[in-house]
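Reading the structure
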Amino acid sequence: MAILVYADHNNAELSTATLNAVTAANEMGGDVTVLVAGDGCDAVAAAAAKVAGVSKVLVAQDAALKDHLAENVAPLIAGMASGYSHIVAPATTNGKNIMPRAAALLDIQQVSDITEVVSPDTFVRPIYAGNAMATVQSTDAIKMVTVRSTSFDPAAEEGGSAAVEAVGGAADAGLSSFEGAALSDNERPELTTARVVISGGRGMQSGDNFAMLEEVADLLGAAVGASRAAVDAGYVPNDYQVGQTGKVVAPELYIAVGISGAIQHLAGMKDSKVIACINKDEEAPIFQVADLGLVADLFEAVPALKAELEKQGIQAR
Amino acid sequence: MKVLVPVKRVIDYNVKVRVKADQSGVDLANVKMSMNPFDEIAVEQAVRMKEAGTVTEVVAVTLGAEQSQETLRTALAMGADRAIHVVHDGELEPLAVAKMLAKLVEEESPDMVILGKQAIDDDANQTGQILSGLLGWSQGTFVSKVEASDGGVKVTREVDAGLETVALKMPAILTVDLRLNEPRYASLPNIMKARKKEIAKKTPEELGVDTAPRLTIVKVEEPPKRQGGAKVGSVEELVSKLHNDVGVI
Ligand SMILES: Cc1cc2nc3c(=O)[nH]c(=O)nc-3n(C[C@H](O)[C@H](O)[C@H](O)COP(=O)(O)OP(=O)(O)OC[C@H]3O[C@@H](n4cnc5c(N)ncnc54)[C@H](O)[C@@H]3O)c2cc1C
């Protein structure tokens, strides 16, 4: 058996989510081949070749593949599918966009966002915003799966020495064109991989007030996240959103500030190791999942938290 | 321009989901059902395009049991012109749904299909992408902004790293995200008017689509419960516990 893993990357760096997908693929059993589709992405292919548990790297380079347009990438994946028992991708926005289109071309019912590999054809995945966990068995000849990053440890970045092979077959479908991106330039750790996350909700009252959270984040080496309400209100950009329809995070420590704890928010953070919260309403549902809940006005508690961390000399790890 | 908008009847987003004791699924008996919130956003987008004069007809489609008609009535009350109901009892997987939608696209020849990016029951996030693949159309997923651009459509997509702009050729599939718009509530007169609008009925057999599931549900379980609820009395205690007791900072 051989397993194809679609690598998510930005043509310069391999995403961490791909490392999690490699781990999931190895649990399915079989030699793991990583497909790096992009343009000017030799560095990504070289990085993928070093990942432990990867036996082969295929690189497809073409201007049409540079921006991960599903219309161009899906046929490439479908075209090379026949030699594989599984096709796996991280459940990032690229994976979610591309994989079902490739599955359509192959007449396969994809299994989305798995959190566990039970056996080569059976997987666990959350449904209903994680309020139920479904174990599903795929009857398709090739299993197509996207992987929830937080549920699998990342494969080691060093230790592998896979051969890198160039592949052709890329073409521009001529259906769509990439116009540009507005990426949040953020010096902080990435939300989905940070060891500590501090998130703000509607209770923050403004984007400016997020500066308070950023100061604490800087002390702890944390990423800053948000609830949907805070994003909708325009306090912070969309890529801060944690939840059922935003990002799923599972840090060592999640601090929810001025967030009520709606099920859609909990769906994105309830697997965090330790959850702390600051909320002035002791009835807020967030307290039911918090290991350490503080009933307080955030406008007093957050500056006090910063002062206490400084006083105790606590620094980012 | 004609737009097709598929809508799904799902458990209301406010309902606390309960897993059945026999692990066969979740309990849907006597719980409030509503239109999938993302589909409301899709209907709103189509209706706004009609109000702006760029769209001439909005056709709502649902695939599901008899009661799914209520969801179509909601779409009609929001402003869809007419509706198609593919009547089917039991689970339908995204691939089967997309195949039936592809058949309806052949029959109806819309210029655009607007869908929600995911349904809040199965959380699969697939149907729009599969449909685009089956039809060979362009796809703009997770869309938070839609603009007309010469002969096509320009969409802003919400992606992991921020926002992305992509130009799509027509015909196109859009899957919409939360921040595209705020769906309207249907007014009472519009709800009354919607009762008179046409709903055509079809079956999967008539469309010639095999709906047999490809995935076998082995079991559905409750997620592990978190033992939360502990409180601290002060910021000092919070920091001390985090630092000394649990050691995460
Ligand atoms: C289809 C769908 C998908 C969704 N997806 C997501 C998602 O991915 N992520 C997500 O987060 N939400 C999502 N939601 C929205 C979700 O249902 C909630 O509306 C949202 O999470 C609420 O955000 P919030 O907790 O910041 O706001 P609120 O619920 O308004 O809570 C604000 C909290 O702040 C507290 N507060 C206010 N002032 C202070 C103060 N001075 N000091 C301390 N505490 C204070 C209040 O007590 C309250 O508990 C989704 C909803 C739908 C319908």
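Scroll up for the structure.
Observations concerning the overall build of chain A
- Secondary structure assignment for chain A yields 9 helices and 16 strands.
- Taking 2.2 N^0.38 as the reference for a compact globule, 317 residues should give roughly 20 Å; the C-alpha atoms of chain A span a radius of gyration of 21 Å, in line with that estimate.
- Taken along the three principal axes of its C-alpha coordinates, chain A extends 60 × 40 × 40 Å.
- The 317 residues of chain A split such that 58% are buried.
- Sequence separation of at least 24 residues holds for 66% of the intrachain contacts in chain A that already meet a minimum separation of 6.
- When the accessible area of chain A is evaluated, it comes to approximately 11500 Å², of which 47% is carbon and sulfur surface.
- The averaged location of the 39 negative side-chain charges in chain A is 3 Å from the averaged location of its 19 positive side-chain charges.

Considerations on the packing of helix α3 (residues 94-108) of chain B against helix α4 (residues 127-135) of chain B
All names here are of chain B.
- Following both chains from N to C, one finds α3 and α4 inclined at 50 degrees, their axes separated by 9 Å at the closest point. It follows from the interaxial angle that α3 and α4 lie oblique. As α3 packs across α4, the resulting crossing turns out to be right-handed. Together, Pro94, Leu95, Val97, Ala98, Lys99, Leu101, Ala102 and Val105 of α3 and Thr127, Ile130, Leu131, Leu134 and Leu135 of α4 make up the contact between the two elements.

What to know about the side chain of glutamate 44 of chain B
Residue and element names in this part refer to chain B.
- Mapped onto the secondary structure, glutamate 44 falls in helix α1 (residues 37-51).
- Within the structure, the side chain of glutamate 44 is placed 2.9 Å from the side chain of arginine 184, a separation counted as a polar contact.
- In this structure, glutamate 44 is in contact with Met78, Asn181, Glu182, Pro183 and Arg184, ignoring residues within four places of it in sequence.

Concerning the sheet that holds strand β6 (residues 116-119) of chain A
- Spatially, 4 strands are ordered β6(A)-β7(A)-β8(A)-β12(B) in an open sheet, and the strand pairing comes out antiparallel. Looking at the sheet topology across the chains shown, the edges are occupied by β6 of chain A together with β12 (215-221) of chain B. Between one strand and the next, the sheet's axes are offset by a mean angle of 30 degrees, whatever the strand orientation.
- The pairing of strand β8 (residues 132-138) of chain A with β12 of chain B spans 6 bridges and is antiparallel. Pairing of threonine 135 of chain A across the sheet is with lysine 219 of chain B, part of β12 of chain B.

Describing the packing of aromatic side chains
- For the coordinates displayed, the defined rule picks out 1 aromatic pair over all chains.
- Centre to centre, the rings of phenylalanine 210 of chain A and tyrosine 235 of chain A are 6.5 Å apart; their planes meet at 55 degrees, and the pair counts as tilted. Linking phenylalanine 210 of chain A in helix α5 (residues 210-220) with tyrosine 235 of chain A in the loop between α6 (228-232) and β14 (253-257), this pair joins segments that are 25 residues apart in sequence.
- What makes tyrosine 235 of chain A buried here is its relative accessible area of 19%.
- The ring of phenylalanine 142 of chain B carries the charged tip of lysine 117 of chain B above its face, separated from the ring centre by 5.7 Å.
- Above the plane of the ring of phenylalanine 287 of chain A lies lysine 231 of chain B, whose end atom (NZ or CZ) is 4.8 Å from the centre.

Looking at the pairing of β14 of chain A
Residue and element names in this part refer to chain A.
- Judged by how many residues are buried, β14 sits mostly within the fold: 5 of 5 residues are covered.
- Along β14, one buried face is formed by Leu253, Ile255 and Val257 and the opposite face, lined by Tyr254 and Ala256, is buried too.
- Relative to strand β15 (residues 274-279), β14 is paired through 5 bridges, and the arrangement is parallel. Its bridge partner lying in β15, alanine 256 is registered against cysteine 277.

As for helix α9 (residues 298-311) of chain A
- Taking 1.5 Å per residue, 14 residues should reach 20 Å; α9 of chain A reaches 19 Å between its end C-alpha atoms and fits that length.
- Buried residues along α9 of chain A sit against α5, β14, β15 and β16 (292-295) of chain A together with α7 (235-245) of chain B.
- Among the residues of α9 of chain A, the N-terminal cap falls to aspartate 297 of chain A, whose side-chain oxygen and the backbone nitrogen of phenylalanine 299 of chain A are separated by 2.8 Å.
- Phi turns positive one or two residues past the end of α9 of chain A, at glycine 313 of chain A, with a value near 65 degrees.

Comments concerning the environment of valine 147 of chain A
Residues and elements named next belong to chain A.
- Assignment of secondary structure puts valine 147 in strand β9 (residues 143-147).
- Assessed through its relative accessible area of 1%, valine 147 is described here as buried.
- For the pair valine 147 and tyrosine 6, spaced 141 residues apart in the sequence, the C-alpha separation amounts to 11 Å.

Side note on the interface of chain A and chain B
- At the interface, 86 residues of chain A touch 79 residues of chain B.
- Overall, the association of chain A and chain B removes approximately 6900 Å² of surface from exposure, summing both partners, and the carbon and sulfur fraction of that is 54%.
- Taken together, chain A and chain B are joined by 6 salt bridges.
- With its nearest N and O atoms 3.0 Å apart, the salt bridge here joins arginine 214 of chain B to aspartate 107 of chain A.
- Summed over the shared surface of chain A and chain B, the result is 50 residue pairs in polar contact (both at pLDDT 80 or more).
- Here the residues of the side of chain A that touches chain B sort into 39 nonpolar, 27 polar and 20 charged.
- As paired strands, β16 of chain A and strand β13 (residues 231-232) of chain B are joined by 2 bridges and run parallel to one another.

Comments concerning the site of the ligand
- Close contacts around the ligand come from 31 residues, with Arg202, Ser227, Gln241, Ser260 and Asn279 of chain A the closest.
- With respect to the ligand, its neighbouring residues span chains A and B.
- Between an oxygen atom of the ligand and a side-chain N or O atom of asparagine 279 of chain A, the distance comes to 2.8 Å.
- Relative to its free-state accessible area of 990 Å², the ligand is covered by the protein chains to the extent of 87%.
- Elements with a minimum of two residues in the shell around the ligand: α6, α7 (263-266) and α9 of chain A together with α1 of chain B.
- For the shell around the ligand, the per-class residue count stands at 13 nonpolar, 13 polar and 5 charged.

Points about the sheet that holds strand β4 (residues 86-90) of chain A
Residues and elements named next belong to chain A.
- Pairing within the open sheet is parallel, and its 7 strands lie in the order β5-β9-β4-β1-β2-β3-β10. At either margin of the open sheet sits one strand with a lone partner, and together these are β5 (111-114) and β10 (163-166). Recorded for the sheet is a direction-independent mean angle of 25 degrees between the axes of neighbouring strands.
- Summarising the sheet, strand β2 (residues 31-38) and strand β3 (residues 56-61) pair through 6 bridges and their orientation is parallel. Opposite valine 36, over in β3, you have valine 59 as the bridge partner.

Calculation criteria
Residues numbered from 1 in each chain as written. Chains lettered and ligands numbered in written order. Predicted model: local features only at pLDDT ≥ 70, side-chain atom pairs only at ≥ 80, totals over all residues. Heavy atoms only, no water. Helix = DSSP H or I, 4+ residues; strand = E, 2+ residues; numbered from the N terminus. Rg over C-alpha atoms; globule rule 2.2 N^0.38 Å. Buried < 20%, exposed > 50% of the residue type's maximum accessible area, 1.4 Å probe, protein only. Contact = heavy atoms within 4.5 Å. Areas by Shrake-Rupley, 256 points an atom, 1.4 Å probe, with all protein chains shown as cover. Lys, Arg positive; Asp, Glu negative; His and termini not counted. Charge placed at Lys NZ, Arg CZ, Asp CG, Glu CD. Axes fitted to C-alpha atoms, helices over the stretch in contact; angles between N-to-C directions. Parallel < 35°, antiparallel > 145°, perpendicular 65-115°, else oblique. Left-handed = near helix turned anticlockwise from the far one by under 90°. Polar contact = N/O pair within 3.5 Å; in protein donor to acceptor, adjacent residues only side chain to side chain. Pairing = 2+ DSSP bridges. Phe/Tyr/Trp six-rings, centres within 6.5 Å; stacked < 30°, edge-to-face > 60°. Lys NZ or Arg CZ within 6 Å of the ring centre and 35° of its normal. Expected span 1.5 Å × (residues − 1). Buried area = accessible area lost by both parts, 1.4 Å probe. Salt bridge = Lys/Arg side-chain N within 4 Å of Asp/Glu carboxyl O. Nonpolar A, V, L, I, M, F, W, Y, C, P; charged D, E, K, R; others polar. Near = heavy atom within 4 Å.

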